[in-house]
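Chain by chain, the residues run as shown.
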Amino acid sequence: MFNDAAALISKVLVLDDDEPHRDAIKSFCQDNGLVALKAQDDNALSVLRSNVDLGAILLWERTASDRGLAIGREIHRIRPELPIFLRREHSATLDDLSDEDRRCFRAAYSIERMDLLRDAIGAALFSRVYPTPLVRGITELTKQAIEGQFRNVHVEHEAPCLVKDRIIYGELFSLIPLESNWCRGYMMLQTEEQPLLEFMRREAFGAGMDELGFREINGLLGEATNLVWGAFKNRFIAEAPDSSRLTQVPIIVNHLHRYISFGSEDPQLCVKYRLTDAREPGSGEIIVYQWFAFNLAWTPDKFTECVTSVEALCAAGELELF
């Protein structure tokens, strides 16, 4: 189920205060590409509000003094896009639950039947194959583009992960389509405005820096998005699709609830970047989330990485050897 070569993970929120089985659940997560975020039941909702890159929730039915089902109902109400896997004591099914409760949970499992959880996690989160050169190349070209756009910035990134979340991070995001013969969808960059604004005001771009406002920040993020798109296109898109037969789906954005939907239930590829000021390491950080939603077409068997040889560049007159 978990493809080690692709180095992809998924973050899961674990709401299970059963101490005797803690190690078994921890080992399961480590063996199946899951990063477990342990939370206390009384602050589960606040953790949900502060995390926008989750893949799933592991919930024990008896957690918090047998309030597991009630907690599951509330989580499903506020974040229905997140699959909840319910650990049960006496059965590994949802058959004895009411129809309303069954709709809240993706699947059931027990400590004795962890294989059921493995299969359900695989179907919900790891059903797509992401070529290793694509995953590795995305982080490389994005890091180069950000460093090329913003001077004196140090860029680090977390491991690429698969998310089911649909919550937007921050107030500022850019969206650009990606279209080739092997994929069609969108790339999105998300960040908070104020940290980016403060960083740019520290940059020595010349007179008038203190007058930077949201319009200038919009332009900078847009240019960074364009640089990433151009690098992605040059490296991964060798052939464009036939535009006469393309279909589209609506993209829904609800600003009040910080929610976006690309019209697909498939997990999205997400990378979290941390930007710090190379001149003032303690001056704070900028968080940028990068999402790839290949919601319109995905045929990774056609994926190729574009490699232009030196001989081809010379023949085209784009490179001269001295």
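Residues numbered from 1 in each chain as written. Predicted model: local features only at pLDDT ≥ 70, side-chain atom pairs only at ≥ 80, totals over all residues. Heavy atoms only, no water.

Section: the confidence of the model for the protein chain
Part 1: When pLDDT is averaged along the protein chain, the result is 87; 89% of the residues meet or exceed 70.
Part 2: Across residues 1-6 the pLDDT falls below 50, and counting only partners more than four positions away or on other chains, this stretch makes 15 contacts in the model.
Part 3: Low pLDDT, under 50, characterises residues 309-314; the stretch is placed with 6 contacts to residues that sit more than four places away or in other chains. (pLDDT = per-residue confidence, 0-100. Contact = heavy atoms within 4.5 Å.)

Topic: the sheet that holds strand E5 (residues 107-109)
Part 1: Judged by pairing direction, the sheet is parallel, and its 5 strands sit side by side in the order E2-E1-E3-E4-E5 without closing on themselves. Of all strands in the sheet, those with a lone pairing partner are strand E2 (34-38) and E5, marking the two edges. Along the sheet, successive strands turn relative to each other by an average axial angle of 25°, direction set aside.
Part 2: As judged from the 5 bridges shared by strand E1 (residues 10-15) and E2, these two strands associate in the parallel manner. When the sheet's bridge partners are listed, Val12 is paired in E2 with Ala36.
Part 3: Running over the sheet, helix H6 (residues 114-125) touches E1, E2, strand E3 (54-60), strand E4 (84-87) and E5 and is turned about 150° from E5. (Pairing = 2+ DSSP bridges. Helix = DSSP H or I, 4+ residues; strand = E, 2+ residues; numbered from the N terminus. Axes fitted to C-alpha atoms, helices over the stretch in contact; angles between N-to-C directions.)

Considerations on the packing of aromatic side chains
For any pair of aromatic rings, the description consists of the separation of the ring centres together with the inter-plane angle of the planes.
Part 1: Considering all chains together, one arrives at 12 aromatic pairs under this definition.
Part 2: For the pair Phe292 and Phe294, a centre-to-centre distance of 6.0 Å together with 20° between the ring planes defines the contact as stacked. Take Phe292 and Phe294: they sit in the same class, and that class is buried. (Phe/Tyr/Trp six-rings, centres within 6.5 Å; stacked < 30°, edge-to-face > 60°. Buried < 20%, exposed > 50% of the residue type's maximum accessible area, 1.4 Å probe, protein only.)

Some remarks on helix H4 (residues 68-78)
Three- or four-residue spacings in an α-helix give side chains the same orientation, since the helix completes a turn every 3.6 residues.
Part 1: If you check which residues of H4 are buried, you get Gly68, Ile71, Gly72 and Ile75. Down the axis of H4, the smallest arc covering the buried residues is 100°, so these residues share one side.
Part 2: Against E1, helix H2 (44-50), E3, helix H3 (63-66) and E4 lie the buried residues of H4. (Arc of directions from axis to C-beta.)

Some points on helix H7 (residues 132-149)
Part 1: Compared with an ideal rise of 1.5 Å per residue, which puts 18 residues at 26 Å, H7 spans 26 Å between its outermost C-alpha atoms and is within 8% of the ideal.
Part 2: Looking at the buried side of H7, the elements it contacts are strand E6 (153-157), helix H9 (214-236), strand E12 (268-277) and strand E13 (285-298). (Expected span 1.5 Å × (residues − 1).)

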